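One letter stands for each residue in the lines below.
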Amino acid sequence: MCGRLILFNPMEILARFQVSADNLVPRYNMAPSQDIPVIINDGRNHLVMYRWGLIPYWAEDISIGNTLINARGETVDEKPSFKYSLPRRRCLVVADGFYEWRREGCRKYPYRITLKNNELFGLAGLWDTWKSPDGEMIHSCTIITTTANELIQPLHDRMPVILSREAESIWLDPHVTDSRLLKSLLTPYPADQMSLYEVTSRVNSPKFDDPECLVAALPRLF
């Protein structure tokens, strides 16, 4: 799965994705239910802030978003929560890292995961718009996951879909609606192009969102 994100270098978004990123600040521990940066295409690409945790347009209550922070790539065209978004409401979730936890007995240890070159990347996402009972329009999104690659497997059996640059263009193209083509993009990112290291338990709480979240944990003696 993918439950925490990092955007350490937001000022690089313009150069990397050719979209304006005014007023963004570094984020070190983005969590579900918070607004996160995504790129959508409504005739042109631009950056918006959407709530993390997809709320389908037909939902009766906003709380459903708490259970829809991720969507499995294998069934994304089948599940009622996602299948209507796949052909027409796709997005890139912008990040330069994410966290995953390794379970050892009853304890879990967090790891920061990045590309080896530390560049920004786009995660395959879907979005939807929900109208609340008081008439507020809430835009929300989910991150698509796939089978973990060799680097992530010791931590978890799933990982977020990091799209290649070529795949990003296809994913955002509103003229592409073929679910078979779209699902063919939802593959594990090459393990040899990624890196990770263990961080402290500070990231376990979303109330901490500062550079200390990136500090490496001290070597464990047992």
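Along each chain, residue indices are assigned from 1 in the same order as the chain's sequence is written. Per-residue local features are limited, in this predicted model, to residues with pLDDT of at least 70; the limit for side-chain atom pairs, both in listing and counting, is 80 or more; totals at the level of whole chains, interfaces and linings are taken over all residues. Note that water and hydrogens are dropped before the side-chain values are worked out from all heavy atoms of the structure.

To keep things clear, this is the line we draw: UniProt positions are given in the numbering used here, feature names are shortened, and annotations may be inferred rather than shown by experiment.
Looking up the protein chain in an unreviewed UniProt entry gives the name Abasic site processing protein, with the organism given as Desulfitobacterium hafniense. What UniProt states about the protein chain under its Sequence similarities (unreviewed entry) heading is, verbatim, "Belongs to the SOS response-associated peptidase family."

### Quick look at the overall build of the protein chain
For clarity, the threshold we go by: Numbering of helices and strands runs from the N terminus; a helix is a DSSP stretch of H or I covering at least four residues, while a strand is a stretch of E covering at least two. Each residue gets one of three labels from its accessible area relative to the maximum for its type: buried under 20%, exposed over 50%, partly exposed in between, using a 1.4 Å probe on protein chains only. Contacts between residues were defined by any pair of non-hydrogen atoms, one from each residue, lying within 4.5 Å. Using a 1.4 Å probe, the Shrake-Rupley method yields the accessible areas, and only the shown protein chains count as cover for residues. His residues and chain termini do not enter the charge count, which takes Lys and Arg as positive and Asp and Glu as negative. Working definition for charges: the position is that of NZ of Lys, CZ of Arg, CG of Asp or CD of Glu.
When you go through the protein chain residue by residue, the secondary structure sums to three helices and 13 strands. Judged by the C-alpha coordinates and their principal axes, the protein chain covers about 50 × 40 × 35 Å. Out of the 222 residues belonging to the protein chain, those deemed buried represent 50%. Summarising the internal contacts of the protein chain: among those between residues at least 6 apart in sequence, 65% fall at separations of at least 24. For the protein chain, the accessible area works out to roughly 11000 Å², and carbon and sulfur atoms hold 52% of it. The averaged location of the 27 negative side-chain charges in the protein chain is 4 Å from the averaged location of its 25 positive side-chain charges.

### Let's talk about the sheet that holds strand β1 (residues 5–7)
Our working definition: Pairs of strands are assigned from DSSP output, requiring at least two bridges between the strands. With axes taken as lines fitted to C-alpha atoms, and helix axes fitted only over the stretch in contact, angles between N-to-C directions fall between 0 and 180 degrees.
Taken together, the five strands give an open sheet; going across it, the order is β2-β1-β7-β8-β13, and neighbouring strands pair in antiparallel fashion. Of all the strands in the sheet, the pair left with one neighbour each is β2 (27–30) and β13 (194–198). Each strand of the sheet is rotated relative to its neighbour by a mean of 30°, with strand direction disregarded. Where β1 and β2 come together, two bridges link them in antiparallel fashion. Looking across to β2, one finds that L5 is bridged to M30.

### Comments concerning the pattern of salt bridges
Inclusion rule: Should a side-chain nitrogen of Lys or Arg be within 4 Å of a carboxyl oxygen of Asp or Glu, the pair is scored as a salt bridge.
Scanning the entire structure with this criterion turns up 10 salt bridges. Here E104 and R102 are joined by a salt bridge, their closest N and O atoms 3.8 Å apart. On the accessibility criterion, R102 (32% relative accessible area) is partly exposed. Close ionic contact of R165 with E119 constitutes a salt bridge, the shortest N to O distance being 3.1 Å. Separated by 46 residues along the polypeptide, R165 in helix α2 (residues 165–172) and E119 in the loop between β8 (107–115) and β9 (121–131) bring together distant segments of the chain. Residue classification places R165 among the partly exposed residues on the basis of a relative accessible area of 48%. Bridged by salt links that share partners, the residues R202, D210 and E212 form one connected network.

### Remarks on the pairing of strand β6 (residues 90–95)
Counting buried positions over the six residues of β6 gives six, a clear majority of the element. Covered by surrounding structure in β6 are R90, L92 and V94 together with C91, V93 and A95, the residues of both alternating faces. Relative to β6, strand β3 (residues 35–41) runs antiparallel, the two being bridged by two bridges. By the bridge assignment for β6, I39 is matched with L92.

### Concerning the side chain of D96
You can see D96 is positioned in the loop between β6 and β7 (97–104). Look at D96: it is buried, it has no salt bridge, and the nearest opposite charge is R112 at 5.3 Å. In this structure D96 touches I6, L7, F8, N9, I113, T114, N118, E119, L120 and F121, once residues within four positions along its chain are discounted.

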